[in-house]
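Chains, contacts and geometry: an overview
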Amino acid sequence: MTQCFFEYATPKILVIRSKKVGTVNRLIQALIIAYVIGYVCVLKRGYQDTDSVISSVTTKVKGIALTDTPDLGLRVWDVADYIIPPQEESSFFVLTNMIITPNQTQSHCPEVPGLNCSWTCTSDADCTPGLKDVRGNGVQTGNCVNYNATVKTCEVLAWCPLESEEVNMTKPPMLADAENFTVLIKNNIRYPKFNFNKRNILPHITRDYLTHCIYNATTDPDCPIFTLKYIVSAAQEDFQTMAMLGGVIGIQIRWDCDLDMPASWCIPRYSFRRLDNKDPENNVAPGYNFRFAKYYKTANDVEVRTLIKGFGIRFDVMVFGEAGKFSIVPMLLNIGAGLALLGVVTVVCDWIVLTFMKKKHQYAEEKYSYVDDFGLLSETAE
Amino acid sequence: MTQCFFEYATPKILVIRSKKVGTVNRLIQALIIAYVIGYVCVLKRGYQDTDSVISSVTTKVKGIALTDTPDLGLRVWDVADYIIPPQEESSFFVLTNMIITPNQTQSHCPEVPGLNCSWTCTSDADCTPGLKDVRGNGVQTGNCVNYNATVKTCEVLAWCPLESEEVNMTKPPMLADAENFTVLIKNNIRYPKFNFNKRNILPHITRDYLTHCIYNATTDPDCPIFTLKYIVSAAQEDFQTMAMLGGVIGIQIRWDCDLDMPASWCIPRYSFRRLDNKDPENNVAPGYNFRFAKYYKTANDVEVRTLIKGFGIRFDVMVFGEAGKFSIVPMLLNIGAGLALLGVVTVVCDWIVLTFMKKKHQYAEEKYSYVDDFGLLSETAE
Amino acid sequence: MTQCFFEYATPKILVIRSKKVGTVNRLIQALIIAYVIGYVCVLKRGYQDTDSVISSVTTKVKGIALTDTPDLGLRVWDVADYIIPPQEESSFFVLTNMIITPNQTQSHCPEVPGLNCSWTCTSDADCTPGLKDVRGNGVQTGNCVNYNATVKTCEVLAWCPLESEEVNMTKPPMLADAENFTVLIKNNIRYPKFNFNKRNILPHITRDYLTHCIYNATTDPDCPIFTLKYIVSAAQEDFQTMAMLGGVIGIQIRWDCDLDMPASWCIPRYSFRRLDNKDPENNVAPGYNFRFAKYYKTANDVEVRTLIKGFGIRFDVMVFGEAGKFSIVPMLLNIGAGLALLGVVTVVCDWIVLTFMKKKHQYAEEKYSYVDDFGLLSETAE
């Protein structure tokens with residue numbers, strides 16, 4: 001047994017000296033080795049273990065907008081007015097246009113006609129008391145009242161007066177100035193598997209630079225301060241058009257890091273993309289808007305609210321990426337697989353040798369010996 | 001050396017002609033090949049590189065609710081009232097039940113007794129001035145005052161009057177109508193590695209269809225508009241029961257895509273699941289609720305607030321999935337490993353041959369030649 | 001052909017009996033086998049398929065803070081006051097310090113001088129009517145008015161009075177009591193690939209325990225209730241210092257699960273880390289703050305607001321982790337690659353044998369037979 005331990009088994013090899021086969025043989029070998037080393041290891045970094053990013057984002061918008069509307073008069077809008085809600089996790093909404101319905105109270109008023117006039121009526125009979133329709137604005141009382149001189153609609157209990165439908169959504173949007181707003185985006189990422197943290201405000205950036213810089217893909221790729229207009233146009237959209245009905249823009253931050261390299265090489269790459277569907281064909285409720293209200297109380301303790309249908313652009317900061325770091329397992333996995341592929345060479349060459357070459361019988365004789373189960377020995381070279 | 005380049009080395013093979021071993025040999029080979037091709041390549045798509053999804057979600061709830069309470073009277077609730085906050089990133093909260101405490105001001109009032117009457121007192125000695133307990137509602141003044149005819153509790157500086165504890169949480173919840181609300185969910189996904197984008201509103205869906213469709217797993221699996229009741233019951237819950245104390249429901253959107261197939265085959269799959277723990281045994285603060293306030297000012301500039309303890313259902317839209325696309329590395333990795341496994345065949349068969357077959361010695365003689373380090377040649381067949 | 005099916009080909013082996021080579025041979029073999037079994041399979045669990053977590057988080061903060069400021073007087077702050085917005089998806093913001101500017105109305109007032117006095121002026125000529133500067137607080141009217149006895153600044157249309165700049169940010173922060181607040185974090189995770197769900201409130205935890213427990217890494221690692229102070233100090237920060245200007249803290253919940261083991265072994269691990277950059281060198285707008293406003297209406301229907309610049313700590317709950325479960329593909333992949341690596345042994349040993357051993361020629365003669373394409377047979381042992 002001990003003797004067996006000191007044995008070393010190596011296959012007997014038949015060496016064929018032939019320009020043709022030899023060349024084929026070397027070629028295929030070269031090919032496979034080139035693939036494993038060049039492609040897998042160098043290009044695809046197959047020797048690396050990977051991890052995906054976890055991230056935290058904070059944003060800070062700056063800017064002033066001036067509006068001049070008949071009902072509001074000259075009005076200045078600042079951050080506290082147009083950022084709703086005041087803070088979110090990794091996105092921010094900028095109000096750009098709105099329908100304001102002030103002084104709503106819980107009372108009765110005629111429903112708005114609605115599309116294809118679903119709420120118009122001629123007599124009370126057309127209205128069903130207590131009907132709460134998902135598309136309606138309130139609970140029907142059962143009365144049919146004058147909506148205006150010509151049209152009668154069912155009366156509803158609701159926040160009255162109702163938000164009017166025929167609003168002039170003509171350019172420019174109310175907060176056309178919003179395009180000049182700037183946003184500071186702070187992003188902190190972590191690759192837990194490698195215990196690696198980094199910020200999008202890179203170490204070499206000075207406080208001084210940050211106070212005046214504005215991101216530009218070519219001139220200032222490291223500045224974390226963006227103008228909304230730049231972001232929107234980088235997403236191939238026109239800000240003023242988009243601001244009318246609102247929309248959703250993705251601010252994509254890609255962190256692809258090779259952690260075998262200096263950490264300073266791991267930097268964020270920004271890209272911008274419109275996320276909502278502006279094509280009206282296969283879409284409903286185009287753009288992006290939502291309703292919110294400011295609640296007041298009158299002197300005589302009646303609750304009054306100002307309803308605002310806010311149209312605006314929501315910016316979603318999407319952080320993604322993959323980090324790679326040398327790891328023994330994936331490397332040996334790829335090398336092992338590569339070696340296995342080398343076995344293919346023999347198969348191919350043998351096939352060539354034993355099929356095409358004129359001296360194939362001699363090769364076969366040399367290569368193969370036969371022994372069979374039927375008592376008689378095979379005609380081997382021995 | 002050049003000559004060596006044109007050499008081609010192939011192992012010398014001993015072919016054993018035997019029904020038994022031959023069959024075993026072929027069987028194992030077949031098995032391994034079947035596994036590699038059938039299972040790895042076809043089923044598990046081992047030839048694909050994978051990427052995980054990044055997503056953006058917007059939601060829009062529609063619906064009207066009517067409530068009739070002693071303190072509020074007949075009241076209509078619309079989106080601006082029951083969606084808090086008015087917009088979130090990938091989730092939305094629908095208010096279904098609440099405890100309203102109007103007209104709170106900063107003043108002094110008796111603390112509520114609290115569970116196991118921790119705040120009851122008999123004399124001022126029982127109250128510690130300035131005590132701020134995490135479970136209390138205010139800062140104790142040190143006085144012991146009448147909470148009601150029978151009970152005395154420590155006085156606190158707080159938003160008074162305090163939220164009463166004995167509230168009637170009897171069915172139905174205040175906004176029982178919420179079950180009929182509908183929500184439109186827009187989801188935009190991206191597989192960055194493959195630069196592939198898609199929306200859950202599929203290209204073939206028409207605007208017309210979207211205006212009236214309602215999601216149903218069997219009849220309308222592509223409609224992105226859901227009724228809250230459907231969602232909750234799909235998560236095996238009863239809406240009215242859940243609406244009482246609130247809860248959290250996960251709306252799971254799965255995007256599993258084989259990008260070697262037409263993009264149109266890559267469609268979202270919806271599923272629903274309750275995320276919070278309703279089992280009271282190992283749980284605290286069951287359901288889902290949070291407090292928020294509306295702030296008013298009285299004529300004489302005193303700040304007054306209406307405190308609302310809002311119970312409701314939070315719907316978290318969770319988007320996940322994996323996309324696969326042909327890639328040379330994983331494919332060759334699997335093939336290489338497969339080839340390597342074929343090596344196992346020889347090992348197994350040799351073992352059989354050299355152990356069980358009666359002519360094993362002859363085989364051994366044919367297969368092995370010996371040479372040792374001890375000067376004398378081994379007795380080989382040659 | 002059928003005969004060929006029953007053939008079994010095995011390479012002819014030359015066995016070299018030599019202490020040296022034999023030992024080397026066995027050593028390398030042992031090494032590779034140890035690696036594949038010990039490292040890949042046992043340590044790295046290479047036989048497992050992995051999936052990454054999807055999660056849902058809800059938080060509930062409790063606590064009371066008392067402030068005593070000249071303009072507000074003695075005031076109690078509860079959850080509804082200091083949590084803004086009242087609920088978020090997987091993070092929560094606790095107000096700790098603020099600059100309050102009450103009774104703002106849309107009107108005219110002198111701009112604040114600003115850093116390096118960019119808004120100071122000597123005559124109207126220095127002010128440009130209609131100028132909306134991103135760093136300004138309003139729209140300039142073109143007049144140069146007295147800011148105070150000594151300084152003149154450009155007049156602006158804005159929410160006046162403006163937020164003053166020289167605010168005393170002296171310790172302690174307004175809501176110093178916040179350090180005693182507690183937060184209950186409920187986390188529900190899912191590994192979709194394995195259809196595995198779990199909560200951070202573990203099954204064995206009783207309702208009773210939850211009512212009084214406080215998380216402590218060593219004594220109470222399973223309690224989901226944290227004091228803010230503990231969280232901040234676990235992130236190597238001082239709460240009172242951080243509360244001054246605010247900041248962002250990451251609450252990291254790691255779910256690393258081996259699903260081949262009992263599910264009860266899969267438990268969350270909490271860790272805490274500061275996410276924002278406190279180093280002023282390469283940072284701008286240090287800390288974390290945002291502006292929000294409460295809107296009121298006066299008796300004569302003028303909109304008035306209280307602007308609050310809120311400094312506070314945002315806690316981001318970051319859930320991550322990886323689950324592994326036995327899967328045939330990765331296992332055979334690793335085994336296959338391992339077998340292939342065994343091929344390396346032969347290469348190495350052959351090289352040793354044929355290079356260093358004194359009887360190398362004899363070995364070569366035994367191992368190799370030659371045949372060439374040039375008509376004449378090679379000088380083989382036969």
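Residues numbered from 1 in each chain as written. Chains lettered and ligands numbered in written order. Predicted model: local features only at pLDDT ≥ 70, side-chain atom pairs only at ≥ 80, totals over all residues. Heavy atoms only, no water.

This part takes up the overall build of chain A. Scanning chain A from terminus to terminus reveals 8 helices and 19 strands. Computed over the C-alpha atoms, the radius of gyration of chain A is 37 Å, more than 25% above the 21 Å expected from 2.2 N^0.38 for a compact globule of 382 residues. Here the C-alpha coordinates of chain A stretch approximately 115 × 65 × 45 Å along the principal axes. For chain A, the residues scored as buried account for 55% of the 382 residues in total. (Helix = DSSP H or I, 4+ residues; strand = E, 2+ residues; numbered from the N terminus. Rg over C-alpha atoms; globule rule 2.2 N^0.38 Å. Buried < 20%, exposed > 50% of the residue type's maximum accessible area, 1.4 Å probe, protein only.)

Here we come to the side chain of A:Thr306. By secondary structure assignment, the location of A:Thr306 is in strand 17 (residues 303-320). Looking at A:Thr306, the relative accessible area reads 8%, which means it is buried.

Moving on to the packing of aromatic side chains. This model, assessed by the stated rule, comprises 57 aromatic pairs over all chains. Taken together, A:Tyr215, A:Phe226, A:Tyr230, A:Tyr270 and A:Phe272 form an aromatic cluster joined through their ring pairs. One Lys or Arg, B:Lys294, reaches over the ring of A:Tyr295 and ends 3.8 Å from the middle of that ring. In this arrangement the basic side chain of B:Lys367 is found over the ring face of B:Tyr368, its NZ or CZ atom lying 5.5 Å from the centre. (Phe/Tyr/Trp six-rings, centres within 6.5 Å; stacked < 30°, edge-to-face > 60°. Lys NZ or Arg CZ within 6 Å of the ring centre and 35° of its normal.)

This next bit is on the UniProt feature "glycosylation site" (unreviewed entry) in chain A. The sites that carry the UniProt feature "glycosylation site" (unreviewed entry) are, in the present numbering, A:Asn180. Residue class for A:Asn180 comes out partly exposed when judged on its relative accessible area of 45%. (UniProt positions renumbered as here; feature names shortened; annotations may be inferred.)

Bringing the sheet that holds strand 18 (residues 322-326) of chain C into the picture now. Residues and elements named next belong to chain C. Read across the sheet, 3 strands follow the order 3-18-14 without closing on themselves; strand pairing throughout is mixed. Two strands bound the open sheet, and with one partner strand each, they are strand 3 (48-52) and strand 14 (257-258). The pairing of strand 14 with strand 18 spans 2 bridges and is classified as parallel. From the neighbouring strand, Cys257 faces strand 18, where its bridge partner is Ala323. (Pairing = 2+ DSSP bridges.)

The subject of this paragraph is the interface of chain A and chain B. Tallying the contact residues gives 93 residues for chain A and 80 residues for chain B. For the pair chain A and chain B, the two sides together bury roughly 7500 Å², of which 55% comes from carbon and sulfur. Our enumeration of links across chain A and chain B arrives at 6 salt bridges. Its salt-bridge partner being A:Arg305, residue B:Asp78 comes within 2.5 Å of it at the nearest N-O pair. For the pair chain A and chain B, the interface holds 39 residue pairs in polar contact (both at pLDDT 80 or more). Of all the elements, helix 7 (residues 328-356) of chain A adds the most residues to the side of chain A that touches chain B, at 10 residues. Partitioned by chemical class, the residues of the side of chain A that touches chain B number 43 nonpolar, 20 polar and 30 charged. Pairing of strand 2 (residues 13-17) of chain A with strand 1 (residues 7-11) of chain B, which is carried by 5 bridges, proceeds in the antiparallel orientation. Residue pairing across strands places A:Ile13 opposite B:Pro11, the latter belonging to strand 1 of chain B. (Contact = heavy atoms within 4.5 Å. Buried area = accessible area lost by both parts, 1.4 Å probe. Salt bridge = Lys/Arg side-chain N within 4 Å of Asp/Glu carboxyl O. Polar contact = N/O pair within 3.5 Å; in protein donor to acceptor, adjacent residues only side chain to side chain. Nonpolar A, V, L, I, M, F, W, Y, C, P; charged D, E, K, R; others polar.)

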